[in-house]
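Given next are the chains, with one letter for each unit.
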Amino acid sequence: MPIVQIEGASKRFGPVTAVDKVDLTIERGELFALLGGSGCGKTTLLRLLAGFETPDGGRILIDGQDMAGVPPHRRPVNMMFQSYALFPHMSVADNVAYGLRREGLPKGAIAERVAAALAQVKLADHGSRRPSQLSGGQRQRVALARALVKRPKLLLLDEPLAALDRKLREGTRFELVRLQEELGLTFVMVTHDQEEAMSMSTRLAVMDLGRIKQVGPPHEVYERPRSRFVADFIGIANILPDGNRWLALRPEKIALGVAEPPSAPLPAHRIAGEIVDIAYEGDRSLYRVATERGVLLVSAANVARDGRSFQRNQRVWLAWAADAAQVLDE
Amino acid sequence: MGHARLALAVLAFGYAFLYLPIALVIVYSFNESRLVTVWAGFSTKWWTALLHNEAMLSAAWLSLRIALLSASAAAVIGLAAGYVLARVPAFFGRTLFGSLVIAPMVMPEVVMGISMLLLFVGSERLLGWPPRGFLTIAIAHITFSIAFVAVVVQARLVDFDRSLEEAAMDLGATPWTTFLTVTLPLIAPAVGSGWLLAFTLSLDDLILTQFVSGAQSQTLPMLVYSSVRLGVDPQINVLATVIVALAASALILSGWLTRRRA
Amino acid sequence: MRFVIALPFLWLAVFFLLPFALVLAIALGSNAPDLAPPVELGFSLKNFALLFTDDLYVAAWLSSLRIAATATVVTLLLGYPMAYAVARTSARWRPVLLMLVILPFWTSFLIRVYAWIGLLANNGLLEQFLRWTGLAQNPETILGTEWAVQLGIVYAYLPFMVLPLYAALEKLDLGLLEAAADLGAPPVAAFLTITLPLSLPGVVAGCLLVFIPAVGEFVIPDLLGGTGTLMIGKVLWDEFFTNADWPLASAVAICLLVLLVGPIALFQRQQAKSLERK
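Residues numbered from 1 in each chain as written. Chains lettered and ligands numbered in written order. Predicted model: local features only at pLDDT ≥ 70, side-chain atom pairs only at ≥ 80, totals over all residues.

Caption draft 1: Just the overall build of chain C, in detail. The helix and strand inventory of chain C stands at 13 helices and two strands. In chain C, the share of contacts with a sequence separation of at least 24, taken over all contacts with a separation of at least 6, comes to 70%. (Helix = DSSP H or I, 4+ residues; strand = E, 2+ residues; numbered from the N terminus. Contact = placed C-beta atoms within 7 Å.)

Structure follows, in structure tokens:
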């Protein structure tokens, strides 16, 4: 049985439909990411799972149980809040112990589990501090420990890395994945950062306007976007007309060359153009190339040390493999 | 849903408690009977009576003059006090200063009343000044109003974006010009509401005034108090109605002004 | 800048601090009805001794504290749900509701106390109402009892309780309550473990703003209380104005000040802390 089954769930706020007849199944042990821009409904969907919002229609089952009418404090899920929502008037240890105290566990057991949870997030000697005395990264780990210590069937993470600075974010990504694998828990994470979703999740769902546009493993969503929206939202895509349908072509799938490539395998997959702009990104550069089919974006690795393999206004040839382009449904 | 209904019940009860007595006072200002506990039909005779009550009108005029003077002086001194509290972190006597500014807010009025009277009596014996009356009442009112202005100003200055002042100084303004052209205009609403608070407190004060007023001067609250001690008086109901109407319109006006600015 | 500090400092030193020294000096003197002012300076503690030995004064001290404490608790119990409800109403209604709490404060204190005379008097509106509804046939008159004094204090000081409570509750991050619920706390537990402790500064400020002036209250016991309701503020007033015993009244003032110095200092500390935290 899947851990989460969402069947036709909807949620409206006044005239705005935040979540629109969403169907979604999440399997046990997954690290599932809900990805989308602001206002796409991903946070509302997460809050529906936590029980902070009640759906206007549809059903939500967690571990096979219908969650209708079950208040947040009785759900077998815990959440790591975007703001962390650490209780400012309690010590770190008391914050982590809070959920266990509500279960009425004996004092000794609580102390043991709190210590273990704090050790797990490498804050073993910070138990007596106040949240205000911690750094941003430490607070994030307290919030994680506080949610994990309850051993939820499902851990919800609302933008878990958004409040961290860039350096810290990279390390924390791996940390979260490691914890998730070690504990064998199901994580559902909301993020607006596609890189974060791609690098961490086992599967992800791209949302827009309250609907799920596509669900799948990161590589599949990236390589085989079904809609123009998904192709555009995840990574960069050149959208080319092809008869009465559209093709998505990733910039790194296009080879850039000075000489005309051989005409085999197919002439449709090569085109001449002129470089109009170059964005140097260190490891690679992004070129805007004007062709008869419009301006195409091409990404190429900077193999040569001086990094200036191509110049502006240079005439170039573009070519790509027969299976490089993805046909879009819409 | 149950939550919302409970909140509504709480609010209804709380506001009924706050406003029912006032509403009854207003209703009974139009009572024909002299007895405030018996309704004997609609009449405006107490309104006419109040308008011709010379003692009441002159007491009101005195109260108004005292309130204008003491609110304005308290606004200036309170502005200075609030500025110092918010912006001068350390000087000799800073702790004492802080206590002196805040303490009058919560000091029992009878204590302040007797102490100020003793000061005025002592200074009158030593220096022959000040005569008790308008001046002593105003000084007393200024003294306890300073705290209220200072607290409002301090709160505003703590929220204040200091880079605005730094920008002014960076552009060549002296500290004094900076205060006049940047700081003061931005905290003016706080000073204004402090002034209004001091004005109201002065208009309303009975105890302090009773101690320091001397034999000649009678302010409006003193007159009301001596009349109320003898029992209910329909003219007091009329006065209450006028005061409530004035306070309500002042509050609505200030609310409207702040919303318009925002 | 020196002038900016000196102006309020000197004003308050001369008109607020210095007088207390005078009060102390007078309190150590003795009553001299034939002089003007009726004081003979000296150094005697007999006025203070009287305050702590005479049954009347001891009773007045105790009942002041009791009445003020009871009224403060009742005001808190009434004010907390009100402040909570206001803080949780939609942003559209909040300014209006808040204004309605503040409005009585801008009207006359004296007149708000006066309003209760007609309500609580013998055969007054409350009694008429009780008889009319049949809730009580021969209700006892409340005016002139301690009940009336407590009611008056609760009524007059309710806004002072609601405003700091509202300020504390409005600041409360609702995400914390969601976090509590998420961790398994039912609403009541979440209130007791999160909302209440976090609004404690508001509770303390509100209680002090009611308790401190209520202990020394004069107008309310004078107008609503009877001969049986003893409060220290009224004792001071009577000693001063009726008996013209300035030294004894001064001694009462000094004792009242000493009694309230703790709460006043606590209030000041809170005030300073809340401004720093912003």
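On we go from here.
Caption draft 2: Summary view of the nonpolar core. Membership of the largest hydrophobic core comes to 164 residues, with the highest contact counts inside it found for Ile114 and Val149 of chain B together with Val252 and Ala253 of chain C. With 16 residues, the top contributor of residues to this core is helix H7 (residues 146-171) of chain C. When neighbours within four sequence positions are excluded, Ile114 of chain B is seen to be in contact with Phe211 of chain B together with Val23, Leu236, Phe240, Ala249, Ser250 and Ala253 of chain C. Listed in part, the 93 residues of the second largest apolar core include Leu45, Leu144, Ala145 and Leu318 of chain A. (Core = buried A, V, L, I, M, F, W, Y, C linked by C-beta atoms within 7 Å. Buried ≥ 20, exposed ≤ 12 C-beta atoms within 10 Å, placed from the backbone.)

Caption draft 3: View of the sheet that holds strand E17 (residues 315-319) of chain A. Residue and element names in this part refer to chain A. A sheet is described by the order of its strands in space; here five strands give the open sequence E13-E17-E14-E15-E16, paired in antiparallel fashion. Of all strands in the sheet, those bounded by a partner on one side alone are strand E13 (255-257) and strand E16 (294-301). Here the strands of the sheet are splayed against their neighbours by 45° on average, with no regard to which way each runs. Of the strand pairs in this sheet, strand E15 (residues 284-291) and E16 are connected by eight bridges, and their pairing is antiparallel. (Pairing = 2+ DSSP bridges. Axes fitted to C-alpha atoms, helices over the stretch in contact; angles between N-to-C directions.)

Caption draft 4: Looking closely at the sheet that holds strand E8 (residues 186-191) of chain A. All names here are of chain A. With mixed pairing, six strands are arranged side by side in an open sheet as E6-E7-E8-E3-E9-E10. One side of each edge strand has no neighbouring strand; the edge strands of this open sheet are strand E6 (77-80) and strand E10 (211-216). Taken pair by pair, the neighbouring strands of this sheet meet at an average axis angle of 20°, ignoring direction. Taken together, the five bridges between strand E3 (residues 31-35) and E8 define a ladder with parallel strand orientation. The residue bridging Leu35 from the neighbouring strand is Thr191, located in E8.

Caption draft 5: Just the interface of chain C and chain B, in detail. Listed per partner, the contact involves 71 residues of chain C and 64 residues of chain B. Elements represented by at least two residues in the side of chain C that touches chain B include exactly helix H1 (2-27), helix H3 (55-88), helix H4 (94-106), helix H5 (109-120), helix H10 (200-215), helix H11 (219-224), helix H12 (232-242) and helix H13 (246-277) of chain C. Per-element accounting of the side of chain C that touches chain B gives the leading share, 17 residues, to H1 of chain C. Residue composition of the side of chain C that touches chain B, grouped by class: 59 nonpolar, ten polar and two charged. (Nonpolar A, V, L, I, M, F, W, Y, C, P; charged D, E, K, R; others polar.)

Caption draft 6: Local environment of the packing of helix H8 (residues 174-182) of chain C against helix H9 (residues 187-198) of chain C. All names here are of chain C. Between H8 and H9, the least distance of the axes is 10 Å, while the angle of their chain directions is 140°. In terms of axis orientation, H8 runs oblique to H9. The two elements H8 and H9 cross, and the hand of that crossing is right-handed. On the side of H8, the interface is formed by Leu176, Leu177, Ala180 and Ala181, while H9 contributes Ala190, Thr193, Ile194 and Thr195. (Parallel < 35°, antiparallel > 145°, perpendicular 65-115°, else oblique. Left-handed = near helix turned anticlockwise from the far one by under 90°.)

Caption draft 7: The arrangement of the arrangement of the chains in detail. Where the two pairs of chains in contact are concerned, the greatest contact count is recorded for chains B and C. The two partners chain A and chain B share no contact, and the minimum distance between any of their C-alpha atoms is 13 Å.

Caption draft 8: Quick peek at the interface of chain A and chain C. Taken residue by residue, the interface counts 17 residues in chain A and 15 residues in chain C. Broken down by secondary-structure element, the contributors of at least two residues to the side of chain A that touches chain C are E6 and helix H2 (92-102) of chain A. If one sorts the elements of the side of chain A that touches chain C by residue count, H2 of chain A sits on top with three residues. Looking at the side of chain A that touches chain C, its residues break down into eight nonpolar, five polar and four charged.

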